[in-house]
Amino acid sequence: MKSISQLTDFYYKTLYPTLQELEKDRQAIKNRVVNIGIAYTLIVLLILFLLYDHFDFELFIYIGFFYVAIGAWIYKYLISDYKSNFKQKVIAPLIKEIDENLTYIPNRHLPSSNFERSKLFTTRPDRVSGNDYVRGKIDNIDIAFSDFHAEKRYENSKGEESWETIFMGLLIVSDFHKKFHGETVVLPDSAQTLFGDLVGAWFQAHNFSRNELVKMDNPDFEKEFVVYSTDQIEARYILSPSLMQKLLNYKRKTKHPLHISFIGGKIYMAIEYNDDMFEASVFHSLLKYKIAMEYIGTLHLVISIVEELKLNQKLWSKV
């Protein structure tokens, strides 16, 4: 895999001029979306005015539903070519520059079985979606990743359906080709953040949906992460001081919640984002598009973790 500095040069020398051209398209599409949106809203308001004498709450609900549904369809139609061009001209070249052995499939996502096998989340999803699926090898390391959205369905006593997000962000799986003896999971330390060190530590130790709590000897790491494992010794071998520092540095730099597990012969990583990483924005300038460099940094983290673990003689002499 090329260095971050090499990929940064590629981004600014090759991709940035493309982004400048796409920025002109974005501004034109933004104006078109706004103008059509205003016209569409005025038409709906006119319909409501004409139906005023027959107006009731149920009719208002129906019109509101169709207003949102049709508006969403119009918006997707207006930006579809722009989004496609962005992925073809920016994302696809970036993936190939990272490593020519990677395959990019924009409309697919990582198989949902990886989400459950990762054991990063205890809630089983009822619906998954995603896109920007990448698979292949980086420095002879098997890797696959995509945007991934997992949701849980709920129904209240009235039969009304709602969906709650379990995870939304970047999901990564790397085949390590060496089998871990136990299962180790590293999660964001939300308990201590919410309840403080004393109460938070109690909740961590009494999380019955998880394996045994592992206390690490890095206080800064303990403030950001909580570790559970079926094998205390192996967990400490995996999470060496340098590896803990890598995870800590990444978390501090990106500010995104990070989940990682070491199970079987694979490493799973889930990084939370509020939206799709590689969806081109219509209402924000593409020239401020910095997510690509964050993406590159994430892949470098995954590769460095795999390489470090391969060289961890204490870990493999134990197994």
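Everything numeric here is computed off the predicted structure, so don't read it as measured data. Within each chain, residue numbers correspond to sequence positions counted from 1 in written order. In keeping with the model being predicted, local features are shown solely for residues with a pLDDT of at least 70 and side-chain atom pairs are shown and tallied solely at 80 or more, while totals for entire chains, interfaces and linings include all residues. The basis for the side-chain values is all heavy atoms of the structure; hydrogens and waters are excluded.

**What to know about helix α2 (residues 57-98)**
Side chains three or four residues apart in an α-helix point the same way, a direct result of the helix having 3.6 residues per turn. Given a residue, its bend is the angle between the two axes fitted to the seven residues that end at it and to the seven that start from it. Helix numbers and strand numbers start at the N terminus; a helix is a DSSP run of H or I with at least 4 residues, a strand a run of E with at least 2. A bend of about 45° at isoleucine 79 is the largest found in α2. Note on classification: 1.4 Å probe, protein chains only; a residue is buried when its accessible area is under 20% of the maximum for its type, exposed when over 50%, partly exposed between these limits. When we look at burial in α2, the residues that qualify are Ile63, Leu78, Ile79, Tyr82, Phe86, Lys87, Val90, Ile91, Leu94, Ile95 and Ile98.

**As for the pairing of strand β9 (residues 266-272)**
The buried count for β9 comes to 5 of 7 residues, which makes it a mostly enclosed element. A pair of strands is labelled paired if DSSP reports no fewer than 2 bridges between them. Relative to β9, strand β4 (residues 161-175) is paired through 7 bridges, and the arrangement is antiparallel. Note that in β9 the partner of isoleucine 172 across the bridge is methionine 269. Pairing of strand β8 (residues 258-263) with β9, which is carried by 6 bridges, proceeds in the antiparallel orientation. In the strand pairing of β9, isoleucine 263 is matched with lysine 266. Where β8 folds back on β9, the antiparallel hairpin that results is connected by 2 residues, among which glycine 264 adopts a positive phi of roughly 65°.

**Concerning the environment of isoleucine 36**
Structurally, isoleucine 36 is set in helix α1 (residues 4-50). According to the relative accessible area criterion, isoleucine 36 is partly exposed, its value standing at 31%. With sequence-adjacent residues up to four places away left out, isoleucine 36 is seen in contact with Ile74 and Leu78. Any two residues whose heavy atoms approach within 4.5 Å are treated as being in contact.

**Topic: α1**
Any helix carries an expected span of 1.5 Å times its number of residues minus one. For α1, spanning 47 residues, the distance from its first C-alpha to its last is only 61 Å, which falls clearly below the expected 69 Å at 1.5 Å a residue. A maximum bend of about 45° is found in α1 at leucine 15, where proline proline 17 lies one to four positions downstream.

**Observations concerning the sheet that holds strand β7 (residues 225-229)**
With antiparallel pairing, 9 strands are arranged side by side in an open sheet as β1-β2-β3-β4-β9-β8-β5-β7-β6. Both edges of this open sheet fall to β1 (103-105) and β6 (212-214), since each of them pairs with a single strand only. Mean inter-strand twist for the sheet, computed between neighbouring axes without regard to direction, equals 20°. Axis definition: a line fitted to C-alpha atoms, limited for helices to the stretch in contact. Angles are taken between N-to-C directions and run from 0 to 180 degrees.

**Considerations on the packing of aromatic side chains**
Note on ring pairs: Phe, Tyr and Trp rings are taken, using the six-membered ring of Trp, and paired if centres are within 6.5 Å. Classes follow the plane angle, with under 30 degrees stacked, over 60 edge-to-face and the rest tilted. Throughout the structure, instances matching the rule amount to 11 aromatic pairs. On the basis of an interplanar angle of 20° and a centroid distance of 5.4 Å, the ring pair of phenylalanine 115 and phenylalanine 148 is categorised as stacked. Of this pair, phenylalanine 115 sits in helix α3 (residues 113-118) while phenylalanine 148 sits in strand β3 (residues 141-155), and the two are 33 residues apart along the sequence. Taken together, a centroid distance of 5.3 Å and an interplanar angle of 40° make the contact between phenylalanine 121 and phenylalanine 167 tilted. A residue pair is termed long-range when its members are at least 10 positions apart, and phenylalanine 121 in the loop between α3 and β2 (127-138) and phenylalanine 167 in strand β4 qualify at 46 residues. Grouping residues by exposure puts phenylalanine 121 and phenylalanine 167 together as buried. An aromatic cluster of at least three residues, connected via ring pairs, comprises Phe115, Phe121, Phe148 and Phe167.

**What about a nonpolar patch on the surface?**
Any residue with relative accessible area above 30% and no salt bridge may belong to a patch, with like charges joined within 9 Å and the nonpolar Val, Leu, Ile, Met, Phe, Trp and Tyr side chains within 5 Å. Each accessible area is a Shrake-Rupley estimate made with a 1.4 Å probe; only the visible protein chains count as cover when residues are assessed. Any Lys or Arg side-chain nitrogen found within 4 Å of a carboxyl oxygen on Asp or Glu counts as a salt bridge. A cluster of nonpolar side chains, namely Val34, Ile38, Leu42, Leu45 and Phe283, defines an oily patch on the protein surface of about 460 Å² accessible area. With respect to the helices and strands, the residue valine 34 is situated in helix α1. Residue class for valine 34 comes out partly exposed when judged on its relative accessible area of 35%.

**Some details on the side chain of glutamate 23**
Checked against the element boundaries, glutamate 23 lands in helix α1. Contact partners of glutamate 23, with chain neighbours within four places excluded, come to Ser285, Leu286 and Leu287.

**Some words on unusual backbone geometry**
One non-glycine residue, lysine 119, lies in the positive phi region at around 55°. You can see lysine 119 is positioned in the loop between α3 and β2. Not every positive phi belongs to a glycine, and lysine 255 is a case in point at roughly 70°. Within the secondary structure, lysine 255 is located in the loop between α7 (241-254) and β8. Residue lysine 255 is classed as exposed on the basis of its relative accessible area of 62%.

**What about the pattern of salt bridges?**
One pass over the structure, following the stated rule, counts 14 salt bridges. The closest approach of N and O atoms between lysine 152 and aspartate 126, which form a salt bridge, is 3.6 Å. With lysine 152 in strand β3 and aspartate 126 in the loop between α3 and β2, this pair connects stretches of sequence that are 26 residues apart. The class of lysine 152 is partly exposed, set by a relative accessible area of 22%. Among the residues examined, aspartate 126 registers a relative accessible area of 45% and is labelled partly exposed. Salt-bridge contacts for glutamate 161 lead to arginine 153; the nearest nitrogen and oxygen are separated by 2.6 Å. Among the residues examined, arginine 153 registers a relative accessible area of 33% and is labelled partly exposed.

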